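Survey of secondary and tertiary structure
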Amino acid sequence: MRIGAHVDPTDPLAEAAARDAEAVQFFLADPQGWKAPKPREDADRLRAADVDLYVHAPYVINVATLNNRIRIPSRKLLLGHAAAAAAVGARGLIVHGGHVNAGDDLTVGFDNWRKTFAYAADSGGFPLPILIENTAGGDNACARHLDALARLWDALGDYEVGFCLDTCHAHAGGEDLLGLVDRVKAITGRIDLIHANNSKGAFNSGQDRHDNLTGGTIDPELVVAVIRAAGAPVIVETPGGTEGQAADIAFLRGQLGPTA
Ligand SMILES: [Zn+2]
């Protein structure tokens, strides 16, 4: 089982080494901005590295929304990030499930997701797995609660779609971590990546506030149990910089044992 961290994008491989990480996740552009990613000069080195790479798409992307001025550029930006992530040899592009505005029909939001994959298919399809991530907050989210996730997966039935399970988002979003992997897999059939984070917010608080694994409101053993059940690679998106994340990675290795 490959374990790593979300790191600064300047030199992801150095960040991996500093944390003794076997995987890293990073951004290819400002996560709060709409700028398309630029080609990276270290693309060859990244592709050849013995570290598994994941790219997280900007937070501004919301392909589900009924607002054209957000949805249309979101689709374009997602495709741009997919191309750029594939160019560095990433194993997946993680994107949040998104939401519709209050009063808008979530059914249209799910169909907008389907249209996003259809739009990508028109230009040959996404060049790497797209991993849709569950989110913590909002009343109109596509991937906060499992009933919504099931409708999203129904809408995307024709397409190859991956899933990234964030333990902080699930807990804060109101989904019990106990037995969660089985309930998710019954819907998605797969979990491609675990975002292993503890939560500063309480259960069902809707707050997206990550904490280190042995802090926060989640029993750390539950996070470990999720990872074990999923059998998927792990990225910690926890605070504390190099030291804090290295400690979280070491904690997981200690809990998961040498066979992990
Ligand atoms: Zn996450």
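Scroll up to find the structure.
I will try to describe carefully the structure that is included in this document. (Residues numbered from 1 in each chain as written. Predicted model: local features only at pLDDT ≥ 70, side-chain atom pairs only at ≥ 80, totals over all residues. Heavy atoms only, no water.)

What follows covers the coordination of the zinc ion. Coordination of the zinc ion by the protein comes from Glu133 (OE), Asp166 (OD), His195 (ND1) and Glu237 (OE), over a distance range of 2.1 to 2.2 Å. Given 4 donor atoms and angles of 85 to 170° at the metal, the environment of the zinc ion is assigned as irregular. Here the donor residues of the zinc ion share one chain and are spaced in sequence as E-x32-D-x28-H-x41-E. Taken together, the residues His195 in strand 7 (residues 193-195) and Glu237 in the loop between strand 10 (234-236) and helix 9 (241-256) connect sequence positions 42 residues apart. With relative accessibility at 0%, the residue His195 sits in the buried group. (Donors = N, O, S within 2.8 Å, 3.2 Å for Na, K, Ca; no water. Tetrahedral: all angles 85-135°; square planar, octahedral: opposite > 155°, others 65-115°. Helix = DSSP H or I, 4+ residues; strand = E, 2+ residues; numbered from the N terminus. Buried < 20%, exposed > 50% of the residue type's maximum accessible area, 1.4 Å probe, protein only.)

This structure, assessed with the given rule, holds 13 salt bridges. In this structure, Asp52 engages Arg91 in a salt bridge whose closest nitrogen and oxygen atoms are separated by 3.2 Å. On the criterion of sequence distance, the pair formed by Asp52 in strand 3 (residues 52-56) and Arg91 in the loop between helix 3 (68-87) and strand 4 (93-96) is long-range, its members being 39 residues apart. Judged by relative accessible area, which is 7%, Asp52 ranks as buried. Taking the relative accessible area as the measure of exposure, Arg91 reaches 48% and is therefore partly exposed. The residue Lys115 makes a salt bridge to Asp111 at a minimum N-O spacing of 4.0 Å. (Salt bridge = Lys/Arg side-chain N within 4 Å of Asp/Glu carboxyl O.)

Turning our eyes to something else, we now look at helix 1 (residues 12-19). Of the residues making up helix 1, those classed as buried are Pro12, Leu13, Glu15, Ala16 and Arg19. All buried residues of helix 1 project into a common sector of 160° when viewed along the axis, lining one side. In this structure, the buried residues of helix 1 make contact with strand 1 (3-6), strand 2 (23-26), helix 2 (43-48), strand 3 and helix 9. (Arc of directions from axis to C-beta. Contact = heavy atoms within 4.5 Å.)

On to the nonpolar core. Counting 71 residues, the largest nonpolar core has Trp113, Leu152, Leu165, Ile191, Ile194, Ala196 and Leu252 as the members making the most contacts within it. The element contributing the most residues to this core is helix 3, with 6 residues. Beyond its immediate chain neighbours, meaning those up to four positions away, Ala196 contacts Thr167, Leu213, Val223, Ile227, Val234, Ile235, Val236, Glu237, Thr238 and Leu252. Core analysis: the second largest hydrophobic core is formed by 7 residues, Ala23, Ile94, Leu131 and Ile235 among them. (Core = buried A, V, L, I, M, F, W, Y, C linked by side-chain atoms within 4.5 Å.)

Strand-to-strand pairing in sheets goes through backbone hydrogen bonds, with the strands running parallel or antiparallel. Ordered by their spatial adjacency, 8 strands build a closed barrel running 1-2-3-4-5-6-7-10, and the pairing between neighbours is parallel. Direction aside, the axes of adjacent strands within the sheet are offset by 25° on average. Sheet topology places strand 3 next to strand 4; 2 bridges connect them, and they run parallel. In the sheet register, His56 faces strand 4, and the bridge partner there is Ile94. (Pairing = 2+ DSSP bridges. Axes fitted to C-alpha atoms, helices over the stretch in contact; angles between N-to-C directions.)

By secondary structure assignment, the location of Pro220 is in helix 8 (residues 220-230). In sequence terms Pro220 and Phe251 are 31 residues apart; their C-alpha atoms lie 9.6 Å from each other. Apart from the residues within four sequence positions on either side, Pro220 is in contact with Leu213, Thr214 and Phe251.

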